[in-house]
Amino acid sequence: MTEIRPLLHQVKQMPHGSAKVEAARELWNLASRDEDPSLRFEVLGEILQAALFGGATDFFLALMPQMARLKRDHPEAVNPFTYLWRFKWLTHNLENYPEVPLDRIRQAEAEYERELRNAGGSERTAIYIRWKNAIAMGRLDDTDPLREQFLSMQRDEHADCLACEADELVRDAARRGDHAEACKRAKAILAGWMRCAEVPHLTLPHLAISAELNGEPDNALSHHRKGYPLIRSNIQFVGEVGIHMAYLAASGQIERGTRLLKTHIGWLEQNRNPKSHYHFLLGATAVCQALAGKQQGAVKLPLPSKWLVAWGDKPLSPADLAERFEQEGRTLAAAFDRRNGNSWHSDHFDQTLARIRERN
């Protein structure tokens, strides 16, 4: 314990990112063997937060059973508020993995609602999580009643912060193709009245590509210039980097888009969140398709190991890269669609690329 407390304090002070994730892994290797369940729970709560906000969602999912086991075996050692927040993060992040069945996601939503009720919390946050999952999976038809229901209810300590909720509303409108509504919902975020560890980081790339594709290039450029510096040092945001690349391809900033591709493609090795990979592949495809119309020379990329094995280590032409990224993206989109029971991800991938190509 004397070794663990100082290390825990050090981890808490670190900024979110891959370095903090690695420090958290080492801390858990030490703390998991400690005999004090209260200390293990405290450490685990911090490590789970570091993993999620540092882009190691797979590490987060692997550790959550440890917290559930602590709650079962040592309920007196568990802070219910901390446990519920980690359970909420789990319930939403399951949908990022297409191999997780829809029934399992629904089961987690129901389990979270029961835990919330047992803790005396309002059902508002459970409804909000069901709404977030539904829109993230492209199951948009029945989400309006859920949105209006949670918005009409009083917030409590289990609710996401106001900035996070506003961001989700912005992205909901963007998913539906309603750019005007997305901008309306983003006003407080853009004015700086609402912000947190993830907002406006998550919001600005979606507004940038939406503004560019809807004839607002000045606004799009502003969103990109403000948004990219917020995320360029944290692998959690590899999907948002992909959306910024899609904006750069749409706006004709091909050289800058290629620089982002070369800089961040290695992040796919560490951030293994399939939903983030989907967005990155969309941006990578858009950049390489646009680049193929400008140059024929080969491009050397620091590819993740799985593609080095499959594609070889020789530089590829922009057209070849575009074809391979597109194939990977379509395969991933199809996997999400099979799980979700619709074609939203495939349609979004196709339609976004088509709109970007129209501008080049």
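Residues numbered from 1 in each chain as written. Predicted model: local features only at pLDDT ≥ 70, side-chain atom pairs only at ≥ 80, totals over all residues. Heavy atoms only, no water.

> Even after reading the chapter, I still don't get helix H1 (residues 4–13), so can you show me in this structure?
Because each turn of an α-helix spans 3.6 residues, side chains separated by three or four positions end up pointing in the same direction. The complete set of buried residues in H1 reads Ile 4, Leu 8 and Val 11. Around the axis of H1, the buried residues are gathered within 60° of arc, so they sit on the same side. (Buried < 20%, exposed > 50% of the residue type's maximum accessible area, 1.4 Å probe, protein only. Helix = DSSP H or I, 4+ residues; strand = E, 2+ residues; numbered from the N terminus. Arc of directions from axis to C-beta.)

> Got a minute to help me understand the side chain of Arg 40 in this structure?
By the element assignment, Arg 40 lies in helix H3 (residues 37–53). If we ignore the near neighbours within four places in the chain, the residues touching Arg 40 are Trp 28, Ala 31, Ser 32, Asp 34, Glu 35, Leu 70 and His 74. (Contact = heavy atoms within 4.5 Å.)

> How do you make sense of unusual backbone geometry when you look at a structure like this?
One can expect most non-glycine residues to show negative phi and most peptide bonds to be in trans. Cis geometry is found at the peptide bond from Val 199 to Pro 200, where omega equals 15°. With respect to the helices and strands, the residue Pro 200 is situated in the loop between helix H11 (187–190) and helix H12 (203–213).

> Hey, could you run me through the pattern of salt bridges in this one?
Side-chain pairs of opposite charge can arise whenever the charged atoms involved come near each other. Summed over all chains, the structure comprises 29 salt bridges. Here Arg 155 and Glu 165 are joined by a salt bridge, their closest N and O atoms 3.1 Å apart. Separated by 10 residues along the polypeptide, Arg 155 in the loop between helix H8 (143–151) and helix H9 (162–175) and Glu 165 in helix H9 bring together distant segments of the chain. The shortest N-O distance in the salt bridge between Arg 330 and Asp 350 comes to 2.0 Å. With Arg 330 in helix H18 (residues 318–340) and Asp 350 in helix H19 (residues 344–358), this pair connects stretches of sequence that are 20 residues apart. (Salt bridge = Lys/Arg side-chain N within 4 Å of Asp/Glu carboxyl O.)

> Before we go on, may I ask you to explain the nonpolar core in this structure?
Note on soluble globular proteins: their nonpolar side chains tend to be buried together. By size, the foremost hydrophobic cluster in this structure holds 53 residues, and its most contacted members are Val 43, Ile 47 and Phe 60. Of all the secondary structure elements, the ones that give two or more residues to this core are H1, helix H2 (18–31), H3, helix H4 (57–73), helix H5 (80–93), helix H6 (102–118), helix H7 (124–136) and H8. With residues near it in sequence (within four places) discarded, Val 43 still touches Ile 4, Leu 8, Leu 27, Trp 28 and Ala 31. Of all hydrophobic cores here, the second largest spans 50 residues; its members include Leu 202, Ala 250, Trp 267 and Leu 353. (Core = buried A, V, L, I, M, F, W, Y, C linked by side-chain atoms within 4.5 Å.)

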